Amino acid sequence: MISMCGIIACVSKEKIPILKTILNSLKKLEYRGYDSVGVAVIDDSLFIQKEPGKIDDVAKNINVNGIFAKVAIGHTRWATHGKPTQKNAHPHSDCTNSIALVHNGIIENYLELKKELLAKGHVFQSETDTEIIAHLLEEELKETHDFFDAFKTMIKKIKGTYAIAVVSKSDPEKIFLAKKDSPLIIGVGKSQNFAASDIPAILEYTRDAIILHDGEIAVLTAESVYIERNNVPIEPKVVKVLWSPEMAQKRGYPHFMLKEIYEQPIALRNTLDIPETELLNAAQTIVDAENIIFIASGTSYHATLHAKNYLIRHLKKPIYSVIASEYDSLKSLVDDTTLLIPVSQSGETMDVIRALNDLKERKANTLAISNVYQSTVARLANHVIYTQAGPEIGVAATKTYTSQVAVLMLLSYTASFLNGSLEQSEYHKYLEKIRKIPVMVEKNILNSELQARQLAQKIKIAESSFYLARGQSIPTAMEGALKMKEIAYIHAESYPAGESKHGPIALVSENFPVFFVAPRDETEKKILGNIEEMKARGANIILVTEAGSVAIPRADTTFILPKMTLTIERAINLIIPLQLVAYYTAVERGYDPDKPRNLAKTVTVD
Ligand code: F6R
């Protein structure tokens, strides 16, 4: 059983209605999975409650206000193998019901450990890999009476990836933690300490965080944090988190996704405000490399395509964007003259981590783009630039995507300037235009909103749709289609417009929605022919374009943006109507856009 989950733990000096805290924090982690939920509280006894379902539904069956205790843990799960049943939900316990633990990751050697434990008479309740940890601890406790010793021995026996939080009746005022390859942070509060998979979970209680690193184990009490690695104590390094708790709330928007769409101007303003030396240094690594490989998944991959397409033309050297799970095909190109650019919002996507780890061994230089401070991808790279989009809770990436595009294109222009292919005066004109993008985006969202809503009412009954574009707008069409698929569950296929007549057009019949991303660049006239081809088959033409486009009279619905000139302006602005259309179509079809089925925001399995 593989799990991809969110974990939370809290230890308090006084007894508090601790499940209120745990469930509140779990809500912030729901983006990591929402198949099943569970909590464990240590008081005089160990109390575990867990159920399949979303947090709000499961919380109805929990006496949230009635349980006062000092120590509790919680878990939200996303299963990839096996069903999300009550028994498979975390926390898991041992045979004596004295230990409870939550886990995010995969215990690779669980079958052999389980065999040994079964032979020793242990009885298992679930099919999970996680449960063996509880029984291993129970077994170790027969040898030693010190729970921490048992915990350390257990960690040596398990192989795989993990963020683990354990509580035990034998040491009831402590939380035991271990981390390898799955994210785990500690929140340092006043007479209260926390552990969680991610920062938003603790923000309401503290902004002082300690980032645990691979191989570290920790013990939390209400007033202390002890960390060690290889039996050697480590001085905890507390960092101030700049995200405010409000940044992780909905602030009156019906969904996080809509709030995050509206946050794009501020996310872009903060992201584009990169200190000059940081920008120049990163751009220099691009200039110095003999070949460059962007590595990313999903939406982040689409962001890389914009930069790749631009850089190929301007730097005149081999530049590739590879889907992280398919990196193997480019392996032979990587050596010490290569620059790898992993792009990952979360910085925890396993496909990206695996690709990076493997390719890095070939001595390549690495420059990561991530939205999460000290994420695994950020820590693995030699250089990092953080997008400053703030926490993104909606599963569908919106503000982090446009922020990635902003950083990648700004870097691309700066690299072109440094290598002489973009003149200084031109570069400065570009920077001037880039400064105006956040305001443009603000207007664009407001101007597109009503039309997106109206269009959603019309296309909500569609089963399938096309997203077509040419040239530099193809990644935007790909991203628009992904948004529609993942939250509105309408099949959406993106295609280079010129290629659509070589097959896909066979699907088009009366009222079939065809989105055209058609800016007024060198492709403006050519795409008109493709629009006519679709129109002739009765397609419902939805056009995202710029003022004055020759295609406007041929469309059924038009999103008209101001005239633009730079790739960065277009890449950021043209996607916005498509984000809004996907959002409103999901709402019109009765789906929750924040929690699309079968998806989790951070995909920590490969
Ligand atoms: C789509 C989406 C996913 C992610 C992908 C990579 O809206 O969010 O396709 O883009 O899972 O995630 P990161 O960027 O965290 O590596």
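Residues numbered from 1 in each chain as written. Predicted model: local features only at pLDDT ≥ 70, side-chain atom pairs only at ≥ 80, totals over all residues. Heavy atoms only, no water.

**Quick word on the domain arrangement of the chain**
By domain assignment, the chain separates into domain 1 (6-248), domain 2 (250-435) and domain 3 (441-594). Here domain 1 and domain 2 have C-alpha centroids that lie 33 Å from each other. Listed as interface residues are 16 residues of domain 1 and, on the opposing side, 15 residues of domain 2. Interface of domain 1 and domain 2: buried area, both sides summed, is about 1,400 Å²; carbon and sulfur atoms make up 63% of it. Counting every contact that joins domain 1 to domain 2 gives 0 salt bridges. The interface formed by domain 1 and domain 2 contains 0 residue pairs in polar contact (both at pLDDT 80 or more). A per-class count over the side of domain 1 that touches domain 2 returns 10 nonpolar, 2 polar and 4 charged. (Domains from an automatic or database assignment. Contact = heavy atoms within 4.5 Å. Buried area = accessible area lost by both parts, 1.4 Å probe. Salt bridge = Lys/Arg side-chain N within 4 Å of Asp/Glu carboxyl O. Polar contact = N/O pair within 3.5 Å; in protein donor to acceptor, adjacent residues only side chain to side chain. Nonpolar A, V, L, I, M, F, W, Y, C, P; charged D, E, K, R; others polar.)

**Structural notes on the pattern of salt bridges**
According to the stated counting rule, one finds 28 salt bridges in the structure shown. In this structure, D43 engages K15 in a salt bridge whose closest nitrogen and oxygen atoms are separated by 3.1 Å. Taken as a pair, D43 in the loop between β2 (36-42) and β3 (46-52) and K15 in strand β1 (residues 6-16) lie far apart in primary sequence, 28 residues in all. Overall, the relative accessible area of 33% leaves D43 in the partly exposed class. On the accessibility criterion, K15 (44% relative accessible area) is partly exposed. Three or more residues joined by partner-sharing salt bridges are found here, namely K259, E263 and K399. (Helix = DSSP H or I, 4+ residues; strand = E, 2+ residues; numbered from the N terminus. Buried < 20%, exposed > 50% of the residue type's maximum accessible area, 1.4 Å probe, protein only.)

**Details of helix α4 (residues 131-140)**
Counting buried residues in α4 gives 10 out of 10 residues, a clear majority hidden from the surface. Taken as a whole, α4 has its buried residues at E131, I132, I133, A134, H135, L136, L137, E138, E139 and E140.

**Brief notes about the nonpolar core**
Residues I286, F294, I341, L411, Y413, M484 and F515 are the most contacted members of the largest nonpolar core, which totals 82 residues. Considering each element in turn, this core owes the most residues, 10 residues, to helix α12 (residues 399-418). Per-domain counts for this core show at least three residues from each of domain 2 (250-435) and domain 3 (441-594). Once residues lying within four places of it in the same chain are set aside, the contact partners of L411 are L279, A282, A283, I286, L367, I369 and I385. In terms of nonpolar packing, the next biggest core, distinct from the first, is built from 33 residues, I22, V58, I67 and V241 among them. (Core = buried A, V, L, I, M, F, W, Y, C linked by side-chain atoms within 4.5 Å.)

**Section: the sheet that holds strand β23 (residues 513-518)**
Here we have 5 strands laid out as an open sheet, ordered β22-β21-β23-β24-β25, and parallel in their pairing. Of all the strands in the sheet, just β22 (491-496) and β25 (557-561) have a single pairing partner and so form its edges. Strand-to-strand twist in this sheet, taken as the mean axis angle between neighbours without regard to direction, amounts to 15 degrees. Against the sheet, helix α16 (residues 524-536) contacts β21 (464-469), β23 and β24 (540-546), and its axis sits at roughly 170 degrees relative to β23. (Pairing = 2+ DSSP bridges. Axes fitted to C-alpha atoms, helices over the stretch in contact; angles between N-to-C directions.)

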